[in-house]
Amino acid sequence: MNTVNGGISFWYAQDGAPVPREPLPGDSSADVCIVGGGYTGLWTAYYLKKAVPFLNITVLEARFCGYGASGRNGGWLYNGIAGRDRYARLHGHDAAVRLQQAMNDTVDEVVRVAGEEKIDADIHKGGVLEVARTPAQLQRLKDFHSVEIAFGEKDRILLGARETAERVHVSGAVAGSWTPHGARLHPVKLVKGLAAAVEALGVTVHESTPVTEIRPKHAVTPYGTVRAPYILRCTEGFTASLKGQHRTWLPMNSSMIVTEPLPDNAWDEIGWSGRETLGDMAHAYMYAQRTADNRIAIGGRGAPYRYGSRAATTADTARTGPATVEALREILIRFFPRLDGAQIAHAWSGVLGVPRDWCATATLDRSTGLGWAGGYVGSGVATSNLAARTLRDLIQQDSGQSGPTDLTALPWVNHKVRKWEPEPLRWLGIHTLYAAYRRADRLEAATHTPTTARLATLADKISGRH
Ligand SMILES: Cc1cc2nc3c(=O)[nH]c(=O)nc-3n(C[C@H](O)[C@H](O)[C@H](O)COP(=O)(O)OP(=O)(O)OC[C@H]3O[C@@H](n4cnc5c(N)ncnc54)[C@H](O)[C@@H]3O)c2cc1C
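These numbers come from a predicted model, not from an experiment.

A word on the environment of T235. Tracing the sequence through the fold places T235 in the loop between β14 (230–233) and β15 (250–259). Relative accessible area serves as the criterion here: at 13%, T235 is assigned to the buried category. T235 sits 173 residues away from A62 along the chain, and the two C-alpha atoms are 9.7 Å apart. Discounting residues that sit within four places of it in the chain, T235 has contacts with V35, G36 and L242. A distance of 3.0 Å separates the side chain of T235 from the side chain of T239, its partner in a polar contact.

With that out of the way, let us pick up the sheet that holds strand β4 (residues 57–60). Hydrogen bonds along the backbone pair up the strands of a sheet, which may run parallel or antiparallel. Strand order in the open sheet made by the six strands is β10-β4-β3-β14-β21-β20, with mixed pairing throughout. Looking along the sheet, the strands with just one partner apiece sit at the ends: β10 (204–206) and β20 (361–365). Put simply, the sheet's adjacent strands are angled 15 degrees from each other on average, direction ignored. Alignment of strand β3 (residues 32–35) against β14, held across four bridges, turns out to be parallel. Note on β14: the bridge partner recorded for V32 is Y230.

A separate point is unusual backbone geometry. Unusually for a residue other than glycine, I8 sits at a positive phi of about 70 degrees. With respect to the helices and strands, the residue I8 is situated in the loop between β1 (4–5) and α1 (10–15).

With that settled, consider helix α3 (residues 84–91). Listed in full, the buried residues belonging to α3 are R84, Y87 and A88. Buried residues of α3 fall within an arc of 105 degrees about the axis and therefore sit on the same side. Residues of α3 that are exposed and point more than 90 degrees away from the buried face comprise R89 and L90. Against α4 (93–116), α5 (135–150) and β20 lie the buried residues of α3. Two residues or fewer after α3 comes G92, characterised by a positive phi angle close to 100 degrees.

Moving on, we come to the packing of aromatic side chains. For any pair of aromatic rings, geometry is given as the distance between the ring centres together with the angle between the planes. One pass over the full model with this rule turns up 13 aromatic pairs. Residues W43 and Y47 carry aromatic rings whose centres are separated by 5.6 Å and whose planes lie at 20 degrees to one another, so their mutual orientation is stacked. Note that W43 and Y47 are positioned in helix α2 (residues 39–51) at a spacing of four residues, about one turn of the helix. Looking at W43, the relative accessible area reads 0%, which means it is buried. Between the aromatic rings of F335 and F336, the centroid separation amounts to 6.3 Å while the plane-to-plane angle is 65 degrees, which identifies the pairing as edge-to-face. For the pair F335 and F336, a shared accessibility class is recorded, and that class is buried. Ring-pair connections join several aromatic residues into one group, and the members of that group are Y12, F64, Y67 and F238. Across from the ring centre of W420, 4.9 Å away, lies the NZ or CZ of R356, which sits over that ring.

The next subject is the packing of α2 against α4. Between α2 and α4, whose axes approach to 14 Å, the crossing angle comes to 70 degrees. Comparing the axis directions of α2 and α4 gives the class roughly perpendicular. Of the two possible hands of crossing, α2 and α4 adopt the one that is left-handed. Residues W43, Y46, Y47 and K50 of α2 form the contact with α4, whose participating residues are E109, V110, V113 and E116. For the contact of α2 with α4, the class distribution of residues is five nonpolar, no polar and three charged.

Let us look at the packing of α2 against helix α7 (residues 187–201). α7 packs onto α2 with a crossing angle of 35 degrees between their chain directions and a minimal axis gap of 9 Å. Here the hand of the crossing between α2 and α7 comes out left-handed. On the side of α2, the interface is formed by Y39, L42, W43, A45, Y46, K49 and K50, while α7 contributes P187, L190, V191, L194, A195, A197, V198 and L201. Classifying every residue of the contact of α2 with α7 gives 13 nonpolar, no polar and two charged.

Turning to the sheet that holds β1, a few remarks are in order. Taking strand neighbours across the sheet as the criterion, the nine strands line up as β1-β19-β15-β18-β17-β16-β6-β8-β7 in an open arrangement whose pairing is mixed. Two strands close off the open sheet at either side, each with one partner strand: β1 and β7 (157–160). This element, α5, spans β6 (128–132), β7 and β8 (175–179) of the sheet and lies at about 145 degrees to β6. Contacting β1, β6, β15, β16 (277–280), β17 (286–290), β18 (296–300) and β19 (344–354), helix α9 (residues 322–335) runs over the sheet at an angle of about 55 degrees to β15.

Tallying each qualifying case throughout the model produces 22 salt bridges. Measuring nitrogen to oxygen at the nearest pair gives 2.9 Å for the salt bridge that ties K125 to D108. With K125 in the loop between α4 and β6 and D108 in helix α4, the pair connects residues that are 17 residues apart, well separated along the chain. K125 sits in the partly exposed class, given a relative accessible area of 41%.

What the rule picks out here adds up to zero disulfides. In this structure C65 is a free cysteine whose sulfur lies 12 Å from that of C234, the closest cysteine sulfur available. C65 sits in the buried class, given a relative accessible area of 4%. With no disulfide of its own, C234 has C33 as its nearest cysteine by sulfur position, at a separation of 9.7 Å. You can call C234 buried: its relative accessible area is 7%.

Let us now look at the side chain of Q245. Relative to the helices and strands, Q245 resides in the loop between β14 and β15. A polar contact of 2.7 Å, which involves the side chain of Q245, links it to the side chain of T248. Excluding residues within four positions of it along the chain, Q245 makes contact with R233, T239 and A240.

Analysis parameters
Residues numbered from 1 in each chain as written. Predicted model: local features only at pLDDT ≥ 70, side-chain atom pairs only at ≥ 80, totals over all residues. Heavy atoms only, no water. Helix = DSSP H or I, 4+ residues; strand = E, 2+ residues; numbered from the N terminus. Buried < 20%, exposed > 50% of the residue type's maximum accessible area, 1.4 Å probe, protein only. Contact = heavy atoms within 4.5 Å. Polar contact = N/O pair within 3.5 Å; in protein donor to acceptor, adjacent residues only side chain to side chain. Pairing = 2+ DSSP bridges. Axes fitted to C-alpha atoms, helices over the stretch in contact; angles between N-to-C directions. Arc of directions from axis to C-beta. Phe/Tyr/Trp six-rings, centres within 6.5 Å; stacked < 30°, edge-to-face > 60°. Lys NZ or Arg CZ within 6 Å of the ring centre and 35° of its normal. Parallel < 35°, antiparallel > 145°, perpendicular 65-115°, else oblique. Left-handed = near helix turned anticlockwise from the far one by under 90°. Nonpolar A, V, L, I, M, F, W, Y, C, P; charged D, E, K, R; others polar. Salt bridge = Lys/Arg side-chain N within 4 Å of Asp/Glu carboxyl O. Disulfide = S-S within 2.5 Å.

Rendered as structure tokens:
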């Protein structure tokens, strides 16, 4: 059987295409206009409408809700947030601890609302397991583990080789770090359920409506302009295609493959009865989940970036090159050698947004009414929910309906960062970075040294990642 490639994602192939919603019929007005119908836009509409039921909210989506990363991701609902360590340096350790605590709570918040709204997204809260397979990865795992505990994760546990294997039998794993703050989910079931929930609340959602320009109080589309005091840009990896935003967030590719459902005797050997989301400590890291129907979905960096930030706009963003499919299949077999020969059912890709300093943010510019959230660098399934509640609070504060809240005081709020370099520097930088990471992983595996390859540390520094 051939591997299906593209078609948005396996999650859509499994759950079915969405029912199309009507495009914007012409000029209109709203209290809040949200551009982008992924998790960020939909969660924001959800919390705003819940807080202020009479608000007139319009969501404008270029294709259909969940067309972007929200319909393609690895289904790790977990407590990681891009930029926490930098925020600790900029705003102090305690502020970053509060941010981390908010992320821990966010995992439970998503699970809670999904339950309340009867969104069956195959959610299983089995925590997050990260494993080390080389001496250098082991050292990084221990360092990572201590840092997470220092940021308040007292319930995280370090596992030896045997304890790790008792959870998931990853070949060659020498240790693991497990936190309860994570859940596996079906991305498309969540995004479809959310879109239905916001519509049921009375939010207007227009699909097939690309916004060509955002300016204060205006979202311009080919079918008309929506005028609103607040315009929120929730376009993450697609942001570069908006007028004036070309160098704001770099559209980075991530690719995934999924196996056919695996037989019981494979699971007897692999274990994974806790359905933890699974990751590793490689520089070019992998992420995986055991799906509700007993497949393994596994992802990692594909060809990371296309020249000129083009990836976001091309129609075939979901297709994955054969070299990337093969690289992911090799990781699958390295981790689970008995799956050599297992059928890969589907491969796909998506884009995520990377700011120049790799720090996520939720921002409202009070002088213009323009807001945005994103730059999650691949950790947006939970973070988009925190962002949405934060945008809600910022708008309520700005419109005089409430004062500052715990969320508006978090250090990632209203964070500013410079733009990415023009081409060809952007393309060269990203490709050199990922080539360096892959080479560092190979070096560490070959030399068995416990020290992180200097190449990777240097790449982190130059890229502005740490
Ligand atoms: C392959 C892959 C795997 C990932 N795995 C994980 C994971 O396991 N865990 C995790 O935490 N994160 C993961 N991520 C990241 C996570 O999916 C994203 O951070 C998150 O979905 C971002 O949500 P969003 O709503 O901000 O953006 P998106 O979901 O990308 O939504 C943006 C929406 O805006 C629309 N849009 C774009 N331009 C316009 C326009 N001009 N006008 C109107 N609408 C527009 C798009 O069509 C899209 O629907 C992954 C990402 C990818 C690509």
